[in-house]
Amino acid sequence: MITGTGITKTFRQRGHVLGGQTVQALRGVDFAIPKGGAASFIGESGCGKTTLGRIIAGLESWDAGEITIDGAAMSPLKPKARQPYFRRIQMIHQDPYSALNPTRTIHQTLHAPLKLRARQTGRSAAWVEERAAEVLTLVGLDPGAVLGRYPHQLSGGMRQRVVIARALTVDPEMLVADEAVSMIDVSLRLGILGLLKDLRERLGVSVLFITHDVATARYIGDDGELYVIYRGQVVEHGRVDTVISEPVHPYTQALLSAIPVLHGLEEPGAQPVVPAGGPEAAVDDAGCLFAARCPFRTERCLAERPTLQVTAGVPQEHACFHPERRSVVARPLAEV
Ligand SMILES: Nc1ncnc2c1ncn2[C@@H]1O[C@H](COP(=O)(O)OP(=O)(O)OP(=O)(O)O)[C@@H](O)[C@H]1O
Ligand SMILES: [Mg+2]
């Protein structure tokens, strides 16, 4: 089980134009991903998804809050003492082209982490060979056909599978896939998503999926948890299927209203519920972060920041003062 409580992160921008300015990438995020579970972080570009994913994978520091891995709090530990915990969480990078060293064959790529592991656990060279073939088979590749090749000799989909196979060499507890399918051909997307789902079912590995596409989030499993992030705040959280069938926050509704367009199912005359405007279109940081773009905002929304809460009659946690005003785009799951 991996949990986060009140995770905050501020970046100080560098350079001539933005130098010295700060960006609050995460504003007190809470999450919990059970062993073998699935979770998705969704939200538009710049909302903080990758930052959160990198923190969870131990690749980025955080300013305040706590991460626990199997009950152990990470903050009190020195970086070296955190390593064995974070090693169980493997990030699959967005771009399979740059994620693999082009001068190394797949054999070399897989052998480096496996040899280290063999040394640590007293295993033989034969085990390294067997395990390399095994992880490739797990991701649906033929070891005989792939091991001797270089990354450029493989298709984008095969490269992405090699990246996943490399992550599996350390027997991870969780895979963090950051837009793992966005860089490859649409026709291969489903294969990779299916593979992550399959690994979850067969190996019991948890999957954290980071995307801006709600439809993609569903592929990892309807039982998964969905965290909708807006400007560094979780504005809605619940099971994937219920969030999709009954979105509460106007921002989630806006994300969902884009789905039928993606699938060519749009109803005639259907309009996105939320007016255009980037994440920077905030009225005042004292109020709701979404107020500037919200068709339902009231005076209270401009003056006060809603936090994630459960209210009677509302299906899931939300950070909205007016959950009763929802229902604009709620639609049966089957149509999504
Ligand atoms: N290393 C960094 N230095 C400065 N600012 C950063 C850094 N990394 C991220 N940021 C800023 O933090 C915010 C969140 O970035 P992040 O990459 O987490 O967003 P994202 O949700 O993953 O976006 P995308 O969908 O485009 O990948 C952005 O405003 C970004 O510019
Ligand atoms: Mg990102």
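Residues numbered from 1 in each chain as written. Chains lettered and ligands numbered in written order. Predicted model: local features only at pLDDT ≥ 70, side-chain atom pairs only at ≥ 80, totals over all residues. Heavy atoms only, no water.

Peer 1: Would you explain the packing of aromatic side chains in this entry?
Peer 2: Where two aromatic rings form a pair, the distance of their centres and the angle of their planes describe that pair. Overall, the coordinates contain five aromatic pairs when judged by the stated rule. Taken together, a centroid distance of 5.6 Å and an interplanar angle of 85° make the contact between Phe41 and Tyr227 edge-to-face. Residue Phe41 is located in strand S3 (residues 38-42), and its partner Tyr227 is located in strand S9 (residues 225-230); the two are separated by 186 residues in the primary sequence. The exposure class assigned to Phe41 is buried, which follows from its relative accessible area of 0%. Residue classification places Tyr227 among the buried residues on the basis of a relative accessible area of 2%. Ring geometry for Tyr230 against Phe290: centres 5.0 Å apart, planes inclined by 90°, an arrangement best described as edge-to-face. One end of the pair, Tyr230, is in strand S9; the other, Phe290, is in the loop between helix H12 (259-262) and helix H13 (299-303), and 60 residues separate them in sequence. Taken together, the ring pairs in this structure connect Phe31, Phe41 and Tyr227 into an aromatic cluster. Positioned above the aromatic ring of Trp127, the side-chain terminus of Arg123 is 4.7 Å from the ring centre. (Phe/Tyr/Trp six-rings, centres within 6.5 Å; stacked < 30°, edge-to-face > 60°. Helix = DSSP H or I, 4+ residues; strand = E, 2+ residues; numbered from the N terminus. Buried < 20%, exposed > 50% of the residue type's maximum accessible area, 1.4 Å probe, protein only. Lys NZ or Arg CZ within 6 Å of the ring centre and 35° of its normal.)

Peer 1: How do you make sense of the site of ligand 1 when you look at a structure like this?
Peer 2: Among the 13 residues in the neighbourhood of ligand 1, the closest are listed as Ser45, Gly46, Lys49, Thr50 and Thr51. The separation between an oxygen atom of ligand 1 and a polar main-chain atom of Cys47 is 3.2 Å. Here ligand 1, which alone exposes 640 Å², has 66% of that area covered by the protein. Mapped onto the shell around ligand 1, the elements with two or more residues apiece are strand S2 (22-33) and helix H1 (49-56). Classifying every residue of the shell around ligand 1 by side-chain character gives four nonpolar, seven polar and two charged. (Near = heavy atom within 4 Å. Polar contact = N/O pair within 3.5 Å; in protein donor to acceptor, adjacent residues only side chain to side chain. Areas by Shrake-Rupley, 256 points an atom, 1.4 Å probe, with all protein chains shown as cover. Nonpolar A, V, L, I, M, F, W, Y, C, P; charged D, E, K, R; others polar.)

Peer 1: Honestly, the nonpolar core in this entry has me stumped. Any pointers?
Peer 2: Leu110, Leu136, Ile164, Leu175 and Leu196 are the most contacted members of the largest nonpolar core, which totals 36 residues. Of all elements in the fold, only helix H4 (106-121), helix H5 (125-138), helix H7 (156-168), strand S7 (174-178), helix H8 (186-203) and strand S8 (206-211) reach the threshold of two or more residues within this core. By size, the runner-up hydrophobic cluster in this structure holds 28 residues, among which are Ile7, Ile33, Ile69 and Tyr227. (Core = buried A, V, L, I, M, F, W, Y, C linked by side-chain atoms within 4.5 Å.)

Peer 1: Teacher, can you tell me more about the environment of Ala291 here?
Peer 2: Examined against the element boundaries, Ala291 turns out to sit in the loop between H12 and H13. Residue class for Ala291 comes out buried when judged on its relative accessible area of 2%. For Ala291 and Ala303, which are twelve residues apart along the polypeptide, the C-alpha to C-alpha distance reads 9.8 Å. Those residues in contact with Ala291, other than ones at most four positions away along the chain, are Arg297, Cys301 and Leu302. (Contact = heavy atoms within 4.5 Å.)

Peer 1: How do you make sense of unusual backbone geometry when you look at a structure like this?
Peer 2: Most peptide bonds take the trans configuration, and most residues that are not glycine carry a negative phi. Even without being glycine, Asp70 reaches a positive phi, approximately 50°. Among the secondary structure elements, Asp70 is positioned in the loop between strand S4 (64-69) and strand S5 (72-73). Backbone geometry at Asp171 places phi at a positive 50°, although glycine is not the residue there. Considering the arrangement of structural elements, one finds Asp171 in the loop between H7 and S7.

Shape is all these values report; function is a separate question.
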